[in-house]
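Geometric and topological summary
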Amino acid sequence: MVRSAPAGGCVAVTGMPGAGKTALAVEAAHRVADAFPDGRLYLDLRDGAGHGLPPGAQSVLERLLPASAGPGAAPADGAPQAPRVLLVLDGVGSETQVRPLLPALRGAVVLLVARRVPAGLPGLRSVLLGPWRPDEAQRLVGLFTGRAGTRPGALGGTAALDAGPGLGPDTVAEIAELCGRLPLAVRTAAAQLAARPHWTAAVLADRLRDEGGRLDVLRTGDVDVRARLLDAYGACPEPQRRAFRLLSLLPPGRFGARQAAAALDLTETRASAALESLADERLVAVDRDGCHLPELLRLLAVERLALEDPPEVVRAAAERVCRAYAAAAAAEPGRVSDSGARGLVRLARTAYGAGLWALAVRLTDALAGWVPDDGEAVYALGLDAARRCADRSAQARMRRSLGELAWQYRRVEQAHELFSGALELAREAGDEEEAARAQVGLAELCLDAGESAAAAALLEPALAALSAPGRARGRYEASRARALLALAHEGPESARAWFGECLELAGALRDQRLEVYALRSLRALSLPPEGGSGPASRAVEIRPGLWRIHPAGVPT
């Protein structure tokens, strides 16, 4: 693009702070040196405070430009041909710094480096830089071993180093993700590893996982990622900075104008305008799928929110965000994606920390059985929040969820205690549906122990209670348990009927995960039995993704 630019043309390299704009411009200037026989010149305009040229730049340009012209002066007819020069202008704050120069630079090509596209420059072509793509991050192992293809003296172009065992594409990809795949941050992380021979890549990754200290780790020598991000933040007017801070209350990942409106306490139309303004400043990334705060900018926004905004303002905004997400989840119960569920977990913790007990319960309920890595801690918080708002039905739901986790981890006695407590609480609250679901949990424990008669006695009333309208999810779980009981004692045909009911219920719930489980179970029943007798397979999928080999109560 630079090589083919016409005389007097402008090319702009733009993007978020730390994306490598200056590095790309300098590298491009080196590579097109043969196209500019009269020279290449680099000027940093950041000292110009966004208006005009910094001290010293004027005299440099006067030596560069023809004697008949100076900055801001148009060439007279018949003036000597201007030199073929590439002028790299870094740190451009606005077009007002550049426009007065263009008439005199009739033989030069101007390569601008700016965070935002300088509007109003004639014939401007621009390149927008962002974080590395995931596939590019996978190829960065050399950056952490000192064998990257970096220019001598560049950050990360260090002597070969021992990054410790296990350094490979996966480890590097994790480090890159923790750095938001931002080139400056990834190179700074590599430099940290080079500067500390006693660190391994695993130690570096562990340090970076701590969100509260990640920006502290990304600082080495005179390179400070936080400072670079703060420069961009500080260049914005206060209304934009405030909006940027409040958006940090949204869960990581993509969001739209509706979610932003809740955080900013604006209408969706005004929230959209605020997002466009932040996108212009490269503090928010926007694409066809929505908006998101780039990871390290999100962490900066979290820091600034805690430092600059009163606690009551933060709590009110957090409550608006939690209510918006809880309402959205309630509108489509049970249809939460993995990323959406992780967002709900984060917001449930936010609500709990703010003392918004009922909201913490609603957000935990919205997980609809999705189990995060720290599922027991999440549901324990939900249980405590339910106790604090004296909601017995909610306490029963949380205890049942904890009982299911205990059962999956084979802590049978604890699971029995939790299910029994859930059943008692639900009956005290007059919650027939939740009592029935607790009975299903107890029935599965009985089935697990080979106590089929006890399991059947619990499932019969549970199935009756869960046949009422609006209880399809509980009915699905009861039918699944009944299918396993049938598989153990009544044969494949009876089990097929119950799994068929599961398939119908999953379709009504529009839950693809449950639907696929029912289809897999039906397909397994159609396979020929092993050894000429017994069920279709000695491995039985008793829940979606949870298998048992020779499960108790199921013949093999």
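Residues numbered from 1 in each chain as written. Predicted model: local features only at pLDDT ≥ 70, side-chain atom pairs only at ≥ 80, totals over all residues. Heavy atoms only, no water.

**Looking at the overall build of the protein**
Here is the rule we go by: Each helix is a run of DSSP H or I of at least 4 residues and each strand a run of E of at least 2, with the numbering of both proceeding from the N terminus. In this scheme, a residue with accessible area under 20% of its type's maximum is buried, one over 50% is exposed, and one in between is partly exposed, where area comes from a 1.4 Å probe on protein chains only. Contacts are assigned to residue pairs that have any heavy atoms within 4.5 Å of one another. All accessible-area figures derive from a Shrake-Rupley calculation using a 1.4 Å probe, and residue coverage is judged against the displayed protein chains alone.
Broken down by element type, the protein carries 24 helices and 11 strands. Within the protein, buried positions represent 48% of all 556 residues. Summarising the internal contacts of the protein: among those between residues at least 6 apart in sequence, 64% fall at separations of at least 24. About 25600 Å² of surface is accessible on the protein, with carbon and sulfur atoms providing 53% of the total.

**Things to note about the sheet that holds strand β5 (residues 124-129)**
Hydrogen bonds between backbone atoms are what pair the strands of a sheet, whose relative direction is either parallel or antiparallel. Spelled out, the test is: By the convention used here, strands pair only if DSSP detects at least 2 bridges between them. Axis definition: a line fit to C-alpha positions, over the contact stretch in the case of helices; interaxial angles, taken between N-to-C directions, run 0 to 180 degrees.
Spatially, 5 strands are ordered β2-β3-β4-β1-β5 in an open sheet, and the strand pairing comes out parallel. Two strands bound the open sheet, and with one partner strand each, they are β2 (40-44) and β5. Recorded for the sheet is a direction-independent mean angle of 15° between the axes of neighbouring strands. Direction of pairing for strand β1 (residues 10-15) relative to β5: parallel, over a ladder of 6 bridges. Residue Thr 14 lies in a different strand from β5, and its bridge partner there is Leu 128.

**With respect to the confidence of the model for the protein**
As a reminder, the rule being used: The score called pLDDT rates the predictor's confidence residue by residue, from a low of 0 to a high of 100.
Averaged over all residues, the pLDDT of the protein equals 85, while 84% of them reach at least 70. This stretch, residues 532-537, has a pLDDT under 50; its non-local contacts, to residues over four places away or in other chains, come to 13 contacts. Note that residues 551-556 has pLDDT below 50 and, in this model, 19 contacts with residues that lie over four places away or in other chains.

**A closer look at the nonpolar core**
Put simply, the rule is: We define the nonpolar core as a collection of buried residues of types Ala, Val, Leu, Ile, Met, Phe, Trp, Tyr and Cys that are connected through side-chain atoms lying within 4.5 Å of one another.
Grouped together as the largest cluster of nonpolar side chains are 144 residues, with contacts concentrated most on Leu 86, Phe 244, Leu 247, Leu 296, Leu 363 and Tyr 476. Per-element accounting of this core gives the leading share, 9 residues, to helix α20 (residues 432-448). In this structure Leu 86 touches Val 2, Ala 29, Val 32, Phe 36, Gly 39, Arg 40, Leu 41, Val 109 and Leu 111, once residues within four positions along its chain are discounted. Listed in part, the 17 residues of the second largest apolar core include Val 85, Leu 87, Val 110 and Leu 112.

**Thoughts on the environment of Asp 216**
Turning to its location among the elements, Asp 216 is positioned in helix α8 (residues 214-217). Classification of Asp 216 as partly exposed rests on a relative accessible area of 37%. Each C-alpha atom of the pair Asp 216 and Arg 226 lies 7.7 Å from the other, and the pair is 10 residues apart in sequence.

**Brief notes about unusual backbone geometry**
With phi around 60°, Asp 265 is a residue other than glycine that occupies positive phi space. Tracing the backbone shows Asp 265 in the loop between α11 (257-264) and α12 (268-280). Unusually for a residue other than glycine, Arg 282 sits at a positive phi of about 65°. With respect to the secondary-structure elements, Arg 282 resides in the loop between α12 and β8 (285-287). The exposure class assigned to Arg 282 is buried, which follows from its relative accessible area of 17%.

**Thoughts on helix α17 (residues 375-388)**
Inclusion rule: In this analysis, the expected span of each helix is defined as 1.5 Å times one less than the number of residues it contains. Note that the arc is computed from the directions linking the helix axis to the C-beta atoms.
Taking 1.5 Å per residue as the helical rise, α17 with its 14 residues ought to reach 20 Å, and the 20 Å between its terminal C-alpha atoms agrees with that figure. For α17, the set of buried residues is Gly 375, Val 378, Tyr 379, Gly 382, Leu 383, Ala 385 and Ala 386. Down the axis of α17, the buried side of the element spans an arc of 165°, and every buried residue falls inside it. Against the buried residues of α17 lie α15 (338-353), α16 (357-365) and α18 (392-408). Two residues or fewer after α17 comes Ala 390, characterised by a positive phi angle close to 55°.

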